[in-house]
Amino acid sequence: MSTAAPRLQPQLPPPVIEFRQAGLTYPGPPPVPALTACDLTIQHGEFVTVVGPSGSGKSTFLNIVGLLDAPTEGRYLLDGIDTGSLGDHDRTALRGRRIGFVFQSFHLLPHRSALENVAVAMLYNGVPRKERPARAREALVRVGLGHRLAAVPSRLSGGERQRVAIARALVARPSLLLCDEPTGNLDSANADTVLALLDELHDDGMTVLVITHDQEVAAHGGRTVAIRDGVLREQARV
Amino acid sequence: MRPRRSRTAAVRVEPSRFAVRDTLSESLAGILQRPARSALTALGTVLGVGTFVAVLGLTATTSSQIDGRFNLLTATEVTVEDIAREQNAFAEPGFPADADLRVERLGGVRHAGVFHTVRLDPATGGVRAAPVGGGAGGGERTDVVAASPGALRAAVPRLCQGRLYDEYHSGTRQRVAVLGSGAAARLGITTLDTGPAVFIGAEPFTVIGIIEDVERKAELLLSVAVPRTTAEEIWGAPGGGGTTMLVATEVGAAQQVARLAPTALRPDHPEYLKAVPPPDPRTLRSGVTSDLEQLFLILAGICLVIGAVGIANTTLVAVLERTGEIGLRRALGARGRHITTQFLAESGALGALGGLVGTSLGTLTVVGVAVVRDWTPVVHPATVATAPLLGLVTGLLAGLYPAWRAARIQPAEALRR
Ligand SMILES: Nc1ncnc2c1ncn2[C@@H]1O[C@H](COP(=O)(O)OP(=O)(O)OP(=O)(O)O)[C@@H](O)[C@H]1O
Ligand SMILES: [Mg+2]
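Residues numbered from 1 in each chain as written. Chains lettered and ligands numbered in written order. Predicted model: local features only at pLDDT ≥ 70, side-chain atom pairs only at ≥ 80, totals over all residues. Heavy atoms only, no water.

This part is about empty space enclosed by the protein. With a probe scaled to a water molecule rolled over the atoms, the places where space remains empty come into view. Per the stated rule, a full pass over the model turns up two cavities of 30 Å³ or more. Space inside the largest cavity adds up to approximately 180 Å³. If you trace the largest cavity, you find 15 residues lining it, with Gly30(B), Ser38(B), Thr314(B), Ala318(B) and Glu346(B) closest to the centre. Sorting the residues of the lining of the largest cavity by element identifies α2 (20-33), α3 (35-69), α13 (291-321) and α15 (336-373) of chain B as the ones contributing at least two each. In terms of residue count, the dominant contributor to the lining of the largest cavity is α13(B) (four residues). One number sums up the size of the second largest cavity: a volume of about 70 Å³. What lines the second largest cavity is simply Gly96(A), Arg97(A), Ile99(A), Gly100(A), Ala121(A), Asn125(A), Arg168(A), Ala169(A), Ala172(A), Pro174(A) and Leu332(B). Taken together, the residues of the lining of the second largest cavity break down into six nonpolar, three polar and two charged. (1 Å grid on protein atoms, 1.4 Å probe; cavity = no way out; pocket = protein on both sides within 12 Å on 5 of 7 lines; lining within 4 Å. Points joined across faces, edges and corners; volume = space filled by probe spheres on them. Helix = DSSP H or I, 4+ residues; strand = E, 2+ residues; numbered from the N terminus. Nonpolar A, V, L, I, M, F, W, Y, C, P; charged D, E, K, R; others polar.)

Time to look at the site of ligand 1. Ser54(A), Gly55(A), Lys58(A), Ser59(A) and Thr60(A) are the nearest of the 13 residues found near ligand 1. Looking at the residues close to ligand 1, they fall on chains A and B. With respect to ligand 1, the side chain of Ser59(A) contributes an N or O atom lying 2.7 Å from an oxygen atom. Here a nitrogen atom of ligand 1 sits 3.1 Å away from a polar atom, N or O, in the side chain of Arg416(B). When the free accessible area of ligand 1 is taken as 640 Å², the share hidden by the protein chains comes to 67%. (Near = heavy atom within 4 Å. Polar contact = N/O pair within 3.5 Å; in protein donor to acceptor, adjacent residues only side chain to side chain. Areas by Shrake-Rupley, 256 points an atom, 1.4 Å probe, with all protein chains shown as cover.)

In total, this model carries six aromatic pairs over all chains according to the counting rule given. Ring plane angle 5° and centroid distance 5.4 Å describe the contact between Phe101(A) and Phe103(A), whose orientation is recorded as stacked. The same class applies to Phe101(A) and to Phe103(A), which are both buried. Between the aromatic rings of Tyr124(A) and Phe18(B), the centroid separation amounts to 4.9 Å while the plane-to-plane angle is 40°, which identifies the pairing as tilted. Pair noted here: Tyr124(A) is in the loop between α3 (114-119) and α4 (132-142) and Phe18(B) is in the loop between α1 (2-11) and α2, and the two residues belong to different chains. As far as burial versus exposure is concerned, Tyr124(A) and Phe18(B) are alike and both buried. Among the aromatic residues, ring-to-ring pairing joins Phe19(A), Phe61(A) and Tyr76(A) into one connected group. (Phe/Tyr/Trp six-rings, centres within 6.5 Å; stacked < 30°, edge-to-face > 60°. Buried < 20%, exposed > 50% of the residue type's maximum accessible area, 1.4 Å probe, protein only.)

Structure (structure tokens):
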């Protein structure tokens, strides 16, 4: 079996994220060139932080990576799939199955319990109904919220809410975790908990992409990409 | 070959799905999030569907009431009343002595006969199974009906024992009696083998028959019937207006018989008699499908439209309020269609719930009105089955636009909120 096709042997798995002169200009009017065309490659298992000031285009970049928006120029390949060739149908499916999101503003359903909020992430990607509660509980235990399963978001602290959001992002076992300012609303103690959690997920083999405007958080990743006025640039590590 | 296959497999992503059960539970959760708002939203549908059910149910109930009154038996029954005294204070009794014969000669008449209730002197007492002073039959009063043989036959009796009296008994003024089954039971008479007699006042009458059931004049079952001639000989003619004639006709002949009977009985003074024909079913029905019913149905339609607008409005507000949730669901892999389905299911469930409550309230209204009016409530199963569907359809129609709007919201846009 291993000798079957030797010429294919050295072929590496395709990178998780590959930008080929991808950029985005919001149509406006007036048109806003939020992301200048750039090349970028992120391999499986990397922990990359994206740092930049407010309005620099971090969320725009994340939306493209997360298939919530499409580049207006160039190409974006996810797991080797040219996403420009996909219809909305397939983009949605890919998003639901491969990508986990942690949003800056949590986006928890206000009237649903922590457990239900986590289980929502398994609604659309074919996880059998029976398995969902157990998996949601497992994810919440993992983020240290095993004792708050039934709590609604309004009864949770900011740090706890962020951890529910992380549990929701990881419960469907995505290969790529995208976090937009995961510590933006948290004090340093809570921020440390969340970062430790992300480290743990990274150690498990997940590709993690964290957006931040905080240089300290940025230093946490194995690799940092800086963004300024829509221009992406690899940042040298000290 | 193999690597290429794995490569295409990587491109072909398994599509997102949204199971029916998940759709239902998510939309139910959406409704229960804001129970008070949901209840108010559903109110329009409740009123609309409730009015529909109530109007249809009440119509069905009243027309079944008419169906009950108007059956074959009543369609072939004519009664003739003696109103001679109302016309002329000094008039003789309206019915001639040969009244039965005169009417039975008319075409389409099966049986006809005159009867009246005998007024007994309270001092001599009522009907007894033994002579005055004897024990039995002292309790409840048993009516004595003086009926010509034709009147008995017109009531279509079914005998359990013995026979009816006929023109011979009547012509010779025999002291014979026919008992209704209820009267016989009261008097303790179970068999004719012993040749039992009853005493009416002081007069003994031989019981020659016991009637088990009648189709008309059910009061006969609790009475003792004696020949009219015999009764008049003993107790005299009844006072003015006490006599009635019962006519059983062939099917379709009743109206004609009613028209002819007064003249046939009293060619000299037909106005002394009033013939009551059976009700004409056509006039009855036209009275029921009235403008009022249509008005109520229009009202119900308006309620439904208001209900639909209410649901549409609330759902639209909910869509705008829940933009963030829509963005989140899209990020989690929901397709635009899944968002549409969810909001449609919510508005549809709201409508169906309103429809269910409305159906119950409508049915209760029908039952309530029927109980007050002493009617049999009738609500057609088709009405009960389709009314909640009406609510469902209202809800779905109302949800179309908001659900369509929800699906068009761009995920990146929605998540920026
Ligand atoms: N839909 C849009 N239409 C037009 N311009 C937009 C749109 N969304 C964002 N922008 C602009 O694009 C630029 C980049 O926005 P983006 O949200 O990516 O910034 P950011 O780096 O995430 O900022 P922050 O740290 O404040 O979240 C900004 O100048 C913003 O005003
Ligand atoms: Mg941002």
